[in-house]
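# Structural features, examined
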Amino acid sequence: MIETFRQHLSQSFSSEAQLDGAVSGLSAFDWQPVADLFAMRLPEFDAVYALPGAEQLGAEIAQARGVPEVSRSGWPGAGGEVLILSAQLKDGQAEEAVFTQARDSGWQVALIAAAVEYTSLGGRARLHRHDVPVRAAAQVATTPGGLIFERRAPERWNH
């Protein structure tokens, strides 16, 4: 199921800019394997917050799990556990900012999930300082020849 998504990504591995463009141009159909994976395999959460670029994915996951989406215009006061969802985890600054907003608004961050994680850019390390789990559907690493799927210690989803 996720293999289709990985194949789509691998066609854009000549540069980070090309992969960025491929991810930003994904259709609802292209996002579906990631949405299915996350909806089935991620632990429980009460709401989904999708960063810019991950809105379609967030809507699919929220619908599959039967939970609301948290709007960027404000955090509901009830609190609970939220999934922070990112299309691409790079240096982790955007995800960290949302983590701080969630915490300051009385929410617990269950985890941060990314469709694509750039392992060479340190986002996971930045977020681990906050003791929040990070999961990624696909991990890519930068090499002199371009991007490749991470081989050092990739996450295994047991598809």
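First, a word on scope: everything that follows refers to the structure included in this document. (Residues numbered from 1 in each chain as written. Predicted model: local features only at pLDDT ≥ 70, side-chain atom pairs only at ≥ 80, totals over all residues. Heavy atoms only, no water.)

All told, the structure shown has 6 salt bridges when counted by the stated rule. Note that arginine 6 and glutamate 3 form a salt bridge whose closest N and O atoms lie 3.8 Å from each other. Residue arginine 6 and its partner glutamate 3 are both found in helix H1 (residues 2–10); the two are separated by 3 residues, about one turn of the helix. Since its relative accessible area comes to 22%, arginine 6 is described here as partly exposed. Relative accessible area serves as the criterion here: at 41%, glutamate 3 is assigned to the partly exposed category. A salt bridge links aspartate 20 to lysine 90, with the nearest nitrogen and oxygen atoms 2.8 Å apart. One end of the pair, aspartate 20, is in helix H2 (residues 16–24); the other, lysine 90, is in the loop between strand S2 (80–89) and helix H5 (93–104), with 70 residues separating them in the sequence. (Salt bridge = Lys/Arg side-chain N within 4 Å of Asp/Glu carboxyl O. Helix = DSSP H or I, 4+ residues; strand = E, 2+ residues; numbered from the N terminus. Buried < 20%, exposed > 50% of the residue type's maximum accessible area, 1.4 Å probe, protein only.)

Let us look at the packing of aromatic side chains. Ring pairs (aromatic) are described by centroid distance and by the angle formed between their planes. In total, this model carries 2 aromatic pairs according to the counting rule given. Sitting over the face of the ring of phenylalanine 149, arginine 6 holds its NZ or CZ atom 3.7 Å from the ring centroid. The cationic tip of lysine 90 hangs over the ring face of tyrosine 118; the distance from NZ or CZ to the ring centre is 5.0 Å. (Phe/Tyr/Trp six-rings, centres within 6.5 Å; stacked < 30°, edge-to-face > 60°. Lys NZ or Arg CZ within 6 Å of the ring centre and 35° of its normal.)

Here glutamate 150 shows up in the segment after strand S5 (146–149). For glutamate 150, a relative accessible area of 9% puts it in the buried group. Along the primary structure glutamate 150 and valine 132 are separated by 18 residues, whereas in three dimensions their C-alpha atoms are 21 Å apart. Excluding its chain neighbours within four sequence positions, the residues that come into contact with glutamate 150 are Thr119, Gln139, Val140 and Ala141. (Contact = heavy atoms within 4.5 Å.)

Below, the discussion takes up the sheet that holds S5. Spatially, the 5 strands line up as an open sheet ordered S1-S2-S3-S4-S5, and their pairing is mixed. Of all the strands in the sheet, just strand S1 (47–50) and S5 have a single pairing partner and so form its edges. Across the sheet, the axes of successive neighbouring strands diverge by a mean angle of 30 degrees, strand direction being ignored. Pairing of S2 with strand S3 (residues 107–118) involves 9 bridges; the strand directions are parallel. For leucine 83, the partnering residue across the bridge sits in S3 and is leucine 111. Its contacts with the sheet put H2 on S2, S3, strand S4 (134–143) and S5, and the angle it makes with S3 is roughly 120 degrees. (Pairing = 2+ DSSP bridges. Axes fitted to C-alpha atoms, helices over the stretch in contact; angles between N-to-C directions.)

All right, on to H1 then. Where H1 is concerned, the buried positions are Ile2, Phe5 and Leu9. All buried residues of H1 project into a common sector of 55 degrees when viewed along the axis, lining one side. Turning to H1, the residues buried within the fold contact H2, helix H3 (28–41), S3, S4 and S5. (Arc of directions from axis to C-beta.)

This brings us to the pairing of S3. Sheet faces and side chains relate simply in a regular strand, where the side chains alternate between the two faces. When you tally the buried positions in S3, you get 11 out of 12 residues, the bulk of the element. For the segment spanning S2, H5 and S3, crossover handedness is right-handed. Relative to S4, S3 runs parallel, the two sharing 6 bridges. Counted as the bridge partner of valine 116 is alanine 138 from S4. (Right-handed = clockwise from strand over helix to strand, strands pointing away.)

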